[in-house]
Each structure stands twice: as C-alpha cells, then as structure tokens.
Protein chains: 2
Amino acid sequence: MSTIHDVAKLAGVSIKTVSRVVNQEPSVRDATRERVQNAVDKLQYKPHNGARLMRSSKSNLIGLITSAISTVSRDPVKAGLSSIHIVKGVQQACREAGKTLLILDTEPDETDIQHHIDILLSHRVEGIIYILDHHRLIAPPVVQDTPFWLVNGYSTPSFPAVVPNDYMGQQLAVEHLVEQGHSRLAYVGLAVELEAGRLRREGFINAAESAGLTNEDVQTTYGMKLGETTPFSVLENVLKQLFEQQNRPTAICFGNDQMAMNAIPILHSLGLRIPEDVSIIGFDNDMAIVSGTRPALTTVTLPYQRMGNITAKKLLQQLSEPDQEQAEPYPIKVTGEVVIRQSVEKLNN
Amino acid sequence: MSTIHDVAKLAGVSIKTVSRVVNQEPSVRDATRERVQNAVDKLQYKPHNGARLMRSSKSNLIGLITSAISTVSRDPVKAGLSSIHIVKGVQQACREAGKTLLILDTEPDETDIQHHIDILLSHRVEGIIYILDHHRLIAPPVVQDTPFWLVNGYSTPSFPAVVPNDYMGQQLAVEHLVEQGHSRLAYVGLAVELEAGRLRREGFINAAESAGLTNEDVQTTYGMKLGETTPFSVLENVLKQLFEQQNRPTAICFGNDQMAMNAIPILHSLGLRIPEDVSIIGFDNDMAIVSGTRPALTTVTLPYQRMGNITAKKLLQQLSEPDQEQAEPYPIKVTGEVVIRQSVEKLNN
DNA sequence: CACCAAAATGACAACGTTGTCATTTACGTA
DNA sequence: TACGTAAATGACAACGTTGTCATTTTGGTG
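Residues numbered from 1 in each chain as written. Chains lettered and ligands numbered in written order. Predicted model: local features only at pLDDT ≥ 70, side-chain atom pairs only at ≥ 80, totals over all residues. Heavy atoms only, no water.

As recorded in an unreviewed UniProt entry, chain A goes by the name LacI family transcriptional regulator, listed as coming from Leucothrix pacifica.

Now the structure itself:
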C-alpha cells in the first residue's frame, strides 16, 4: 500500500502539497493539483486513517452499540418491532454528515457494554450511540470526554437520551377512535411492569377522560409481556368477557400490533366482523405483522427510524457546536402517528 | 484522554513496560504488572488504535459492505429473506476471532461500491466482505493487497465467493416430496433470468428425472420475479390450469416461500385442502412468511447465516495463514436443508 | 526594473504507540 | 562471593500523516 511519500516522489512535489491536494485545501495551483491527482490515481493511494487520527484527533467515526443484528433473525412476529429501524435512522444522518458508523452488535440480553465502549474508544470514535432493544431505564454509562447518547432507553434527567412517546401515541389512537364516532372503548395492553406498557395504558386512560368518556364506557385490561406470544386462551378469555357484558365496546385499542393480530380470529369466532361490529387499532406499525392482517390494521407508529435520526443529528450538532447546551431535560420524547388502514369504521351517531 | 506516557509516569515505569502490560506480553514481573494495571484503571487509559495501526499494520478491523440495513425495513414479505442473516453469520465468526466488524451500508440498488471500499481501505481493514442482496454475477472489484470476498454473488472462478446452492436446495425439496410418496409434481418458480430462478428450476428438473418421474408427471412453470409481489391473478391462473388437467399434481414445489404463501388461499378457493388434497413446499425459510402460514409451511432453508459464517472464517484463515491456497474454484456453494412443518402429507402408495 | 504583497510550496516536528536492541537486575550454581 | 545466564526493563527510532511556520514564487504597481 502506497504512502504519501510515494505520491510526492512520483508527482515531484513535497508531501505537504500532496496532503493539500488530498484534503482539497485551496492553496494549490491547478497544474500542480492535476499532477498530484494523477499520481494518486496511478498509485491507488488511500490515506492512512490511523496517521490522520494521530495528528488531527478526528476519526470521522461514530460508534453505535446495538443488539439489532443478533436479534433480527428471530421470529419477526414475536420479537416486536426491530430496533434495526433505529439503526437505519442513525445511519441516514451519519451518511449525510459524511461520518462513518462503526456498529458493534451485542449478544441479545447482554447488558454489560463496557467492553464494546472500550473498543469504540480505542478507535477514538467522535461519539457513541447506544440503542436499547426496548424502552427502559438503565444506569448511566460512564464515559469521559466522548458524547454519549441513549436511544429507546433513558437514565438521569441530565443524560442525553431519546425515547418513543408511548403515552402520546396511545392518546392519538384514542383520539382517532373518538373522531370516528366511537364512544365505548376497551384497552387491551402490555404489562405495566414494562415502561411502554405503563405509559400506553396511562395515555389511553387520560385520553379517554379528556374525551369525556365515563368509566362505564371505558374498560381496560393488561398483562401481556413484550416478547412473548400472547397466549391464545388468555386473550380469548379477555375478549369473551368484554363482549359478554351489556355495554360492549365498539372499538378496542391494543397495546401493540401483535395483540391486535391475534385478536382478529378470536373476534371472528365470537361472531364479530371487523370493523363492522368492532373496530380495532394496534400500536407499532410492525410491517411484519400489519402486512399480513385482514382487514389491514390501522395502527400507531413506533417512530424508531425518526428517533435514530434525531439522536444522530443531535450528537453531530454537539460535535460541531460543543458549547451549545440542550435546553430541555432528557429524555427527548418522539411521538408516532396514526396510520389509517381498514380496521376502524366510522360510526354515524 | 490519557496516553501511555501518563500511565508510565504514574506507575513509575517506562512506556514500553506499559505496552507490555496492556498487550499481555509475558516478560513482566507480577508486582510491576499490578502497579501498571492500577495506573491504567485509575486513568481509564484506552490505547490509541491509530498509533497501534501505524506501528503494527494490524487494524483488527474487517470491512463489510452490505445494503441489508437500508432494506430491512421494507415490507418483509415482499422483500425476500433479508441479507442481514448473512451479516449475522459474518459477525459471529468475527466476534469469535476477536475482530471488529466495520459495517458500511449502501443505499438499496447502489452498485458502485468503490467509495465504500476506499473508506474501508483508509481504515486499513484487514479484509473486506461484500454481501450482495441477491444471488448474481458481478464484475470483479479491484482491490490490491487486501483479501476480498463476495457473498451471495460471484465473479471469476479465481475470485473468492460464497453463494447459496439453489440447485441442490431445490433437489432436496423434490427428494423430500418423493420420499413422502409423491409422484406427480409441479414446479411454480422464479424467473429464469434470475440466477436463483434458473438454478432452482434446473435443480427441480434434474431431481425429478433422477427420481424416475416422467414428463407426464412433472409440470413446470415460472416467471415470477424476485422482489415483486406475485400478482394474485397470475398465480391464480397458473394454479387453476394445473388442477384443470387430468393428471393433477399431488404436490407443488414453489420457487420461494412468498409464492407458496400466496398460493394457499387460491388452492383453498379451488376446493383443495392443504396438505390433504395437495402438498406444498417453499424455499427460503423466511420467518416473516412461514410464521404466519396455516398450515405451517414445509420449506428449504436459504442458508444465509451459514454462508456469512463460512465466508468470514475463510477470510480469517486467509489472514492467519497467508500461504494457504483455496483448492477448489469459486464460488463455494452452500446447500440449505429441508425444514419439515405441516404442508406436506405422506402418501400411502 | 524594483518593490511589495499574496499565493504557493516546502521543511520538519509532533501525534501515540510498538519493534528492536541495549542495559540492568535477579537468580542459581560452583 | 563471583560468575554466568535468563528474565526484566528501558531507550529510542519509526510508522504516515497534518499543523506550523519559513521560504520561494508569482503577479501587480509605480
């Protein structure tokens, strides 16, 4: 592999002039620049990033820690929305900024990431982004001098983090149902021990109250855990009870798409048509699920890609403007949006 | 960020002794080693990879070019099996060998990867793996001095490459059907302009011949393109014609899982039960598809993860034993295996 | 032509580590 | 205790580039 000295000798200039050409500095004559560029091309010279890094302290690398690749080949329906969508969002922002992403993938369920941090720091990455596989609180990682952001997880109010706004997302679902004329709602959600489960339930309850729905009109149940297939019999019992009562709901908000998908055949077996007899709405917009449901599922997006993009842009901004402080406390919450398909009917009332 | 000089000063030794401790060289006294390690821990010293790289010409990085991340969030059913499974296999082998993977993701359909190669070479990666999103022939990339492997694509017989053995995979499917007593088969496959489409069709025909099936017993049709949803009406017509004839097939080999999945409701609408009236078998073992079919689809795996793993191990072997030559011509073909579920019935005849 | 200022070019030190070889220390044996 | 050898430690050059400042070249003006 050729060095800057080889190029300088072939072009008949100093190594500094070669450096100026390669780095597109202005103060080089056109004829000189052309002569050097020809030598670069002929020798297929690639600058040595290690040497650059020693001199200029800019690696041009952004470190990314994720378990998305290890987990992406699990059963897509059971696994929930893959955090690789977050990776994609991060990647887009880095590509636009001309930064190279150094992705380190952890084993699933691996919580000690210090070894990964050490690798990234030895490569002198300019910043680190750690993507969690589901929304939760973690202890703050200890990293000096290098900007560090969490995505899909959070720590202290001073630690940079971006999370999905599960609360607002579920509110949007309720607002959509109410707007479509629904006034008797049920919520079948995730376990409240889960961050997302708790926030989505709270969002549902608050939105129902804000819409003036009384306790008679609103029924909530929960208990399903992320990552587990909803046992058919459990969901079946829940739905049976909902429809054995006098004030049957006209619409059901599910805590995620998987529950909504599993509910479809159960509701059919109860003699209910969707959306004519009961409307349903999911959460996540998981294409592995919604692309297969009949009728096509109306749902709320889990804005993973946007979260990744926002995080990377914030980090990059932090790098280019080191004195700018984040005004708001963390985490930054990103709200999804309703994707209207065919599982919600408009009522005339 | 502290340097080796800071550690040496704190521990009261030379920088070379610090280097010996950090690199776990043997010739250091235990007491000295402990003193140095304490200083390393106290200062949170991380070796500077750029400096190491300049001195030792070993980056410990393996470069990977793929479009898997950009494409993974497309509709999983339409996209075909994601090449991220290949990435996972590469990752496993690199992790075991203690190498860090530098993943560069291209835009979908981007064919000029020279810019990505340049980035990787400037980081002095020890080897490069280029993953193609589907099995095809490409022009040989020009890279000097650095080992370069293709996965899911191939070039000249001297260019290192690993591809799926589509031919053998489809043979396995036929052999399984024959073993289950089926003697009247149909093949509904991918377009033969596609590498996989051509090889799978050839594999089907050859396996049927080898099994002694006559032309009367075997019917082939093809024309579907990878990446496009099979138009329902086209597939419907194909299947109708198959079952309007006197010698109806007892089993259908599909060129991929997506076609098999789409065929299920059509066969039902023709009054055919699966597998009682007609057995079906897919190809790819795409969990985004097979996890949702009823009955559960018997299929042949597209061994992406294994291909990735084999490639990385070959590359790593090339790095540790540079004089070893690959005995066989390229590409190396990796055969999948039959995954038995419920869509193939055993006939008594 | 002489002078001045701006543009272009070059010399060389420094970045943080490892490889090489010289020097010092410790241990075992006679 | 002296000697020899092996183990441990240290000095310093080199890796390939960029930053800094000195030097040279060029162009314009009087």
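**Some words on the interface of chain A and chain B**
We apply this condition: Any two residues having at least one pair of non-hydrogen atoms within 4.5 Å are treated as being in contact. A 1.4 Å probe defines the accessible area here, and the buried area is the portion of it lost by two parts on being joined, summed over both. What counts as a salt bridge is simple: a side-chain nitrogen of Lys or Arg found within 4 Å of a carboxyl oxygen of Asp or Glu. Two N or O atoms form a polar contact when they lie within 3.5 Å of each other; inside protein one atom must be a possible hydrogen donor and the other a possible acceptor, and for residues adjacent in sequence the pair counts only when both atoms belong to side chains. Here a strand is any run of E in DSSP of at least two residues, a helix any run of H or I of at least four, and the numbering for each starts at the N terminus. Residues are grouped as follows: nonpolar covers Ala, Val, Leu, Ile, Met, Phe, Trp, Tyr, Cys and Pro; charged covers Asp, Glu, Lys and Arg; every other residue, Gly included, is treated as polar.
Counting from both sides, the interface comprises 47 residues of chain A and, opposite them, 47 residues of chain B. When residues of chain A are sorted by the area they lose upon contact with chain B, M1(A), I69(A) and R124(A) head the list and together hold 14% of the total. With its nearest N and O atoms 2.8 Å apart, the salt bridge here joins E107(A) to R95(B). At the junction of chain A with chain B, the criterion picks out 18 residue pairs in polar contact (both at pLDDT 80 or more). Within the residue set of the side of chain A that touches chain B, elements represented by two or more residues are helix 4 (49-56), helix 5 (68-71), helix 6 (76-79), helix 7 (84-96), strand 2 (100-105), helix 8 (114-122) and helix 13 (287-290) of chain A. Considered class by class, the residues forming the side of chain A that touches chain B number 20 nonpolar, 18 polar and nine charged.

**Focus: the side chain of N285(B)**
Residues and elements named next belong to chain B. For the record, the criterion: Each residue is assigned to one of three classes by its accessible area relative to the maximum for its type, calculated with a 1.4 Å probe on protein chains only: buried under 20%, partly exposed between the two thresholds, exposed over 50%.
Of note, N285 is situated in the loop between strand 9 (279-284) and helix 13 (287-290). Taking the relative accessible area as the measure of exposure, N285 reaches 16% and is therefore buried. A distance of 3.1 Å separates the side chain of N285 from the side chain of R341, its partner in a polar contact. Once residues lying within four places of it in the same chain are set aside, the contact partners of N285 are L81, D257, V290, T299, V300, T301, V339 and R341.

**Re the protein's contact with DNA strand D**
So the rule is basically this: We call a residue near a molecule or strand as soon as one heavy atom of that residue lies within 4 Å of the molecule or strand.
Around DNA strand D sit 26 residues, and of these I4(A), S19(A), R55(A), R20(B) and T32(B) come closest. Per the 4 Å cut-off to the protein, sugar and phosphate atoms form 59% of the nearby atoms of DNA strand D. N23(A) has a polar side-chain atom sitting 2.8 Å from a phosphate oxygen of DNA strand D.

**Brief notes about the relation of the copies chain A and chain B**
The operation linking the two copies of the chain is a rotation about an axis combined with a translation along the axis. Just so we agree on the cut-off: Residues below a pLDDT of 70 in either copy are left out; the C-alpha atoms of the rest, at least 70 in both, set the least-squares superposition of the copies.
If you rotate chain A by 180° and push it 0.1 Å along the axis, it lands on chain B with an RMSD of 0.1 Å. The relationship between the two copies is best expressed as a two-fold rotation axis. When each C-alpha of chain A is compared by its distance to the rotation axis, G50(A) comes out closest, at 1.9 Å. Comparing interface residues between copies, 100% of those in chain A also sit at the interface in chain B, which points to an isologous, same-surface contact.

**Description of the pattern of salt bridges**
Residues and elements named next belong to chain A. Tallied over the full model, the rule gives 20 salt bridges over all chains. Its salt-bridge partner being D284, residue R200 comes within 3.3 Å of it at the nearest N-O pair. With R200 in helix 10 (residues 195-210) and D284 in strand 9 (residues 279-284), this residue pair connects regions lying 84 residues apart in the sequence. Residues R200 and D284 agree in their burial class; the two are buried.

**Re the protein's contact with DNA strand C**
Near DNA strand C you find 27 residues, and of these R20(A), T32(A), I4(B), S19(B) and R29(B) are the closest. Backbone atoms, meaning sugar plus phosphate, form 60% of the atoms of DNA strand C positioned within 4 Å of the protein. For DNA strand C, a base nitrogen lies 2.7 Å from a polar atom in the side chain of K16(B). The separation between a phosphate oxygen of DNA strand C and a polar side-chain atom of S19(B) is 2.3 Å. Partitioned by chemical class, the residues of the surface near DNA strand C number eight nonpolar, nine polar and ten charged.

**Quick notes on the domain arrangement of chain A**
As a reminder, the rule being used: An automatic or database domain assignment supplies the residue ranges for each domain.
Segmenting chain A into domains produces domain 1 (4-54), domain 2 (61-164 + 304-334) and domain 3 (166-302). Inter-centroid distance (C-alpha atoms) of domain 2 of chain A to domain 3 of chain A is 30 Å.

**Comments concerning the packing of helix 9 (residues 166-179) of chain B against helix 10 (residues 195-210) of chain B**
Residues and elements named next belong to chain B. For clarity, the cut-off: Only C-alpha atoms enter the line fits that serve as axes; for helices the fit covers just the stretch in contact. Angles between N-to-C directions range over 0 to 180 degrees. Angle categories are assigned with fixed cut-offs, so that under 35 degrees is roughly parallel, over 145 is roughly antiparallel, 65 to 115 is roughly perpendicular, and the rest are oblique. Working rule for handedness: look at the near helix, and if it is turned counterclockwise from the far one by less than a right angle, call the crossing left-handed; if clockwise, right-handed.
Running from N to C, helix 9 and helix 10 cross one another at 40°; their axes reach a closest spacing of 7 Å. When the axes of helix 9 and helix 10 are compared, the pair comes out oblique. As for the relative orientation of helix 9 and helix 10, their crossing is right-handed in sense. In contact with D166, Y167, Q170, Q171 and V174 of helix 9, helix 10 contributes A196, L199, R200, E202, G203, F204, N206, A207 and A208. In terms of residue class, the contact of helix 9 with helix 10 is built from seven nonpolar, four polar and three charged.

**Focus: the nonpolar core**
Counted only if it meets this: Here the nonpolar core consists of buried residues drawn from Ala, Val, Leu, Ile, Met, Phe, Trp, Tyr and Cys, with membership extended through side-chain atoms lying within 4.5 Å.
Core analysis: the largest hydrophobic core is formed by 88 residues, its most contacted members being I84(A), I129(A), I84(B), V90(B) and I129(B). In this structure, I129(A) is in contact with G63(A), L64(A), I65(A), V90(A), W149(A), V151(A), T311(A), A312(A) and L315(A), ignoring residues within four places of it in sequence.

**Comments concerning unusual backbone geometry**
Apart from glycine, the bulk of residues carry a negative phi angle, and the bulk of peptide bonds sit in the trans form. For the peptide bond that leads from I274(B) to P275(B), omega is 5°, which places it in the cis range. Of note, Q44(A) is a non-glycine position whose phi angle comes to about 50°, a positive value. One non-glycine residue, R124(A), adopts positive backbone phi at about 50°. Take R124(A): it is sitting in the loop between helix 8 and strand 3 (127-137).

**As for the packing of aromatic side chains**
Note the threshold: Classification of ring pairs uses Phe, Tyr and Trp, with its six-membered ring standing for Trp, and accepts pairs whose centres are within 6.5 Å; under 30 degrees between planes counts as stacked, over 60 as edge-to-face, and the remaining range as tilted. The rule is short: NZ of Lys or CZ of Arg within 6 Å of the ring centre and within 35 degrees of the ring normal puts a charge over the ring.
Enumeration according to the criterion identifies six aromatic pairs over all chains in this entry. Their ring planes at 70° and their centres at 6.0 Å tell us that F148(A) and F159(A) sit as a pair that is edge-to-face. Taken as a pair, F148(A) in strand 4 (residues 148-154) and F159(A) in the loop between strand 4 and strand 5 (161-164) lie far apart in primary sequence, eleven residues in all. Taking relative accessible area as the criterion, F159(A) reaches 12% and is therefore assigned buried. For R200(B), the ring lying beneath its charged end belongs to F283(B), and the centroid distance is 3.7 Å.

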